[in-house]
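An overview of the molecular structure
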Amino acid sequence: MDCQPLLSIRVKAAGVLHIMTQNNTMKQIAVIGSGTMGNGIAHVFAQNGYQVALIDIQQYALDKALSVISKNLDRQINKELITKNDKNQTLDRISTHTDISVGVANADLVVEAATENLDLKISIFQQLDECTPPSCILASNTSSISITKIASATSRPTQVIGMHFMNPVPVMKLVEVIRGYVTSDQVTEQVMELTKKLHKVPVEVKDYPGFISNRILIPMINEAIISLHEGVAGVEEIDTVMKLGMAHPMGPLQLADFIGLDVCLAILKVLQDGFGQSKYTPCPLLVNMVTAGHLGVKSGQGFYSWKHQSKELVVAENFLK
Ligand SMILES: NC(=O)c1ccc[n+]([C@@H]2O[C@H](COP(=O)([O-])OP(=O)(O)OC[C@H]3O[C@@H](n4cnc5c(N)ncnc54)[C@H](O)[C@@H]3O)[C@@H](O)[C@H]2O)c1
């Protein structure tokens, strides 16, 4: 993409943004990808007073994102957490774009939340490097891809960082802040401070496969699937042990259905490749389920059936005794 027309804005913006970042008063946020995570990230920034440019390659994804944000704001109104006026102001702060170069032109911070694919993320970050003001911080919401690898595709690797929000973003408190190998102290501090301004809790971790969250969570889910595969216990029994015995709010198999079994498998492969240890080998049952398209909530079937409206959990037919 040709970003030359933006050059004067970039040069002009550089001085201004330098002062802005010194004072840690980032105002303009661009969010790339308006899917599950992108709409939640846009919602949270806009609700906390930031101007948000939400960018996707598909107009229908942007339209859907605005409708999801509107519904989620309604839910907050119903819980008396915000007023109707807060909702309107939040929506007014969000603009949508299908042209990335327009959306990011004045950004102080970009949070990339596009599809989890290394080549795609590398190409997006190369484009961001070209099209954003030089002082702009580039963050990725990736669940598993190396921040150092993404950073090395840009000319500003010290300004690239991971901001790993949790799903659903408006509800979950944690943001895992991942320092790439050369991410600067200043950029890390700015992102930690910014996260607190979103009323979230940032936790700083280093850039190794799975970071902390998925390095611990995904092997636990894999172990639950191995236990099921070996017939040690059934779906409900495994989840009940972890819920009532370990005070987890939901069992590992239900959580796997929410995350998506394809996503769980992809993260296990990152751990396996990154550490080269057999303990990360995906359970053959998980591989089979993904191959068969049983991906959890998003496909209607995983360890549980998600095709009905009932609030009760219904174990999927394949796992009924
Ligand atoms: N879903 C989760 O629970 C979760 C949790 C934490 C982190 N993540 C990470 O967040 C990121 C997004 O995940 P998601 O679940 O929101 O995915 P999603 O599939 O719901 O949304 C991805 C969006 O990216 C858009 N997109 C693809 N290529 C693009 C491009 N070149 N420019 C702009 N937009 C583009 C797609 O059109 C789609 O709307 C991934 O890196 C994922 O690993 C996901």
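Residues numbered from 1 in each chain as written. Predicted model: local features only at pLDDT ≥ 70, side-chain atom pairs only at ≥ 80, totals over all residues. Heavy atoms only, no water.

Secondary structure assignment for the protein yields 13 helices and 10 strands. Taken over C-alpha atoms, the radius of gyration comes to 21 Å for the protein, in line with the 20 Å a tight globule of 321 residues would show. Oriented by its inertia axes, the alpha-carbon framework of the protein measures out at about 65 × 50 × 35 Å. Counting only residues that meet the buried cut, the protein has 49% of its 321 residues in that class. (Helix = DSSP H or I, 4+ residues; strand = E, 2+ residues; numbered from the N terminus. Rg over C-alpha atoms; globule rule 2.2 N^0.38 Å. Buried < 20%, exposed > 50% of the residue type's maximum accessible area, 1.4 Å probe, protein only.)

With that out of the way, let us pick up helix α2 (residues 36-47). Taking 1.5 Å of rise per residue, the 12 residues of α2 would be expected to cover 16 Å, and the 17 Å separating its terminal C-alpha atoms lies within 8% of that figure. With 10 of 12 residues buried, α2 is to be regarded as a mostly interior element. Within two residues after α2, Gly-49 carries a phi angle of roughly 95 degrees, on the positive side. (Expected span 1.5 Å × (residues − 1).)

Parsing the protein into structural domains produces domain 1 (14-206) and domain 2 (213-319). Relative placement of domain 1 and domain 2: their C-alpha centres are 29 Å apart. For the pair domain 1 and domain 2, the summed buried area comes to about 370 Å², and 50% of that belongs to carbon and sulfur atoms. Looking at the side of domain 1 facing domain 2, the largest losses of area belong to Ser-143, Ser-144 and Glu-176, adding up to 78% of the total buried there. Linking domain 1 with domain 2 are 0 salt bridges. Taken together, domain 1 and domain 2 are joined by 2 residue pairs in polar contact (both at pLDDT 80 or more). Broken down by class, the residue content of the side of domain 1 that touches domain 2 amounts to 1 nonpolar, 3 polar and 1 charged. (Domains from an automatic or database assignment. Buried area = accessible area lost by both parts, 1.4 Å probe. Salt bridge = Lys/Arg side-chain N within 4 Å of Asp/Glu carboxyl O. Polar contact = N/O pair within 3.5 Å; in protein donor to acceptor, adjacent residues only side chain to side chain. Nonpolar A, V, L, I, M, F, W, Y, C, P; charged D, E, K, R; others polar.)

What follows deals with the sheet that holds strand β3 (residues 94-97). Ordered in space as β3-β2-β1-β4-β5-β6-β7-β8, the 8 strands form an open sheet in which the pairing is mixed. Each edge of the open sheet is held by one strand with a lone partner, namely β3 and β8 (201-206). Sheet twist, expressed as the average angle between the axes of neighbouring strands with direction ignored, equals 25 degrees. Bridge count between strand β7 (residues 174-179) and β8: 6 bridges; the pairing is parallel. When the sheet's bridge partners are listed, Glu-176 is paired in β8 with Val-203. In the packing of α2 onto the sheet, the strands contacted are β1 (28-32), β2 (51-55), β3, β4 (109-112) and β6 (160-165), and the crossing angle to β2 comes to about 170 degrees. (Pairing = 2+ DSSP bridges. Axes fitted to C-alpha atoms, helices over the stretch in contact; angles between N-to-C directions. Contact = heavy atoms within 4.5 Å.)

Our focus in this paragraph is the side chain of Asp-239. Mapping Asp-239 onto the fold places it in helix α10 (residues 235-246). Of the side chains with opposite charge, Lys-243 lies nearest to the buried Asp-239, which makes no salt bridge, at 5.8 Å. One polar contact links Asp-239 to Tyr-304, side chain to side chain, over a distance of 2.6 Å. Excluding anything up to four places from it in sequence, Asp-239 contacts Gly-251, Pro-252, Leu-253, Gln-254 and Tyr-304. (Lys, Arg positive; Asp, Glu negative; His and termini not counted.)

Our next topic: the nonpolar core. Counting 35 residues, the largest nonpolar core has Ile-41, Phe-45, Leu-109, Val-111, Met-163 and Phe-165 as the members making the most contacts within it. Top element by residues in this core is α2. It accounts for 6 residues. Those residues within four positions of Phe-45 in sequence are excluded, and the remaining contacts are Ile-29, Tyr-50, Val-52, Leu-109, Val-111, Met-163, Phe-165, Leu-194 and Leu-198. Membership of the second largest hydrophobic core comes to 25 residues, among which are Ile-225, Leu-228, Leu-253 and Leu-285. (Core = buried A, V, L, I, M, F, W, Y, C linked by side-chain atoms within 4.5 Å.)

Next up on the list: the site of the ligand. As a structural note, the neighbourhood of the ligand is formed by 22 residues, with Met-37, Asp-56, Glu-116, Lys-121 and Ser-143 the closest of them. A distance of 2.7 Å is found between an oxygen atom of the ligand and a side-chain nitrogen or oxygen belonging to Asp-56. Within the side chain of Glu-116, one N or O atom sits 2.5 Å away from an oxygen atom of the ligand. Coverage of the ligand by the protein chains reaches 79% of its 850 Å² of free accessible surface. Only α2, α6 (118-131) and β6 provide two or more residues apiece to the shell around the ligand. It is α6 that provides the largest number of residues to the shell around the ligand, a total of 3 residues. Tallied by class, residues from the shell around the ligand come to 9 nonpolar, 10 polar and 3 charged. (Near = heavy atom within 4 Å. Areas by Shrake-Rupley, 256 points an atom, 1.4 Å probe, with all protein chains shown as cover.)

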